[in-house]
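# Geometric and topological summary
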Amino acid sequence: MSVLFVSGIDTDIGKTYATGIIAKSLMQQGVNVITQKLVQTGVTMNANTGEMGIADDIIVHRQLMGIPLQPCDLDFTTCTHRYEKPASPHLATRLSGEVLDPELITNATKRLQAEYDLVLLEGAGGLLVPITEQLLILDYIAIQGYPIILVTSGRLGSINHTLLSLEAIKARGLSVHSVIYNHIHDDADNTDTEIANSTVDFLQNYLAANYPKAHWVQIPALKNQMSVNTEMLNTEMLNTETLLENYCLSLPKGFM
């Protein structure tokens, strides 16, 4: 298990946040881990050079992990395909005039596998997003045979989207490594506390009954992780960097 694929039940579900936090936790356990992005759209182009920059999600991963950009980031091994249009990869690729070659992604992953104990490969959007006109993300992952980490939340509709995603994974003969319940959206306007709590209970029970080998992990929003005391009120410690430095996600036994 040197590659785990991180996907979500939908776009903007917090895959990048979850990927970075999990990577940081594994690093703290002594695991030599790196993150990779399958494909990134909506990347800013350098106006002076006309070159595409480093994938935004890779930058966020490194910030969450508390490490600088790595050589494999700077040479784009961790995200070989980057496009300017913030759209589905198949459309962003077509508009760029380029061709997305899945083999380049596979070869990049293999190079990372040779250097690291674990590669966390983050997808783009949901499982059935097309990366080319002929290839869906989940079909690419099925070819590789990677176990899947599925990120969900308590937003209304999450139960349905989660179960549909699990069914799609099962239909392709892939294993569900874990389901990550992301609390990053807890304060969002479309998240109802009663619904969210019910979603946690239902999904935990459903996973235990139908996917007993899969791990259940809850990732809290960082802003809720620090208890403020009077000695800290007048310091500069109450910021995201301090939260990241002090925070350690407790992963279940056997996660790795």
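Across all of its chains, the model carries five salt bridges by this definition. Taken together, the shared-partner salt bridges connect Lys37, Asp57 and Glu122 into one network.

Here the focus is the confidence of the model for the protein chain. Summarising the model, the protein chain shows a mean pLDDT of 89, and 88% of its residues fall at 70 or more. Across residues 224–240, confidence stays below pLDDT 50; counting only partners more than four residues off in sequence or on other chains, it has 15 contacts.

For the rest of this paragraph, the subject is the sheet that holds strand E7 (residues 176–182). Read across the open sheet, the six strands follow the order E2-E5-E1-E6-E7-E8; overall the sheet is parallel. Each end of this open sheet is capped by a strand with a single partner; those strands are strand E2 (33–37) and strand E8 (215–219). On average, adjacent strands in this sheet sit at an angle of 25° to one another, irrespective of strand direction. Pairing of strand E1 (residues 3–8) with strand E5 (residues 118–126), which is carried by five bridges, proceeds in the parallel orientation. If you follow Phe5 over to E5, its bridge partner there is Leu121. Those strands touched by helix H2 (residues 56–65) are E2 and E5, and its axis lies near 155° from that of E2.

Reading the values: the criteria
- Residues numbered from 1 in each chain as written.
- Predicted model: local features only at pLDDT ≥ 70, side-chain atom pairs only at ≥ 80, totals over all residues.
- Heavy atoms only, no water.
- Salt bridge = Lys/Arg side-chain N within 4 Å of Asp/Glu carboxyl O.
- pLDDT = per-residue confidence, 0-100.
- Contact = heavy atoms within 4.5 Å.
- Pairing = 2+ DSSP bridges.
- Helix = DSSP H or I, 4+ residues; strand = E, 2+ residues; numbered from the N terminus.
- Axes fitted to C-alpha atoms, helices over the stretch in contact; angles between N-to-C directions.

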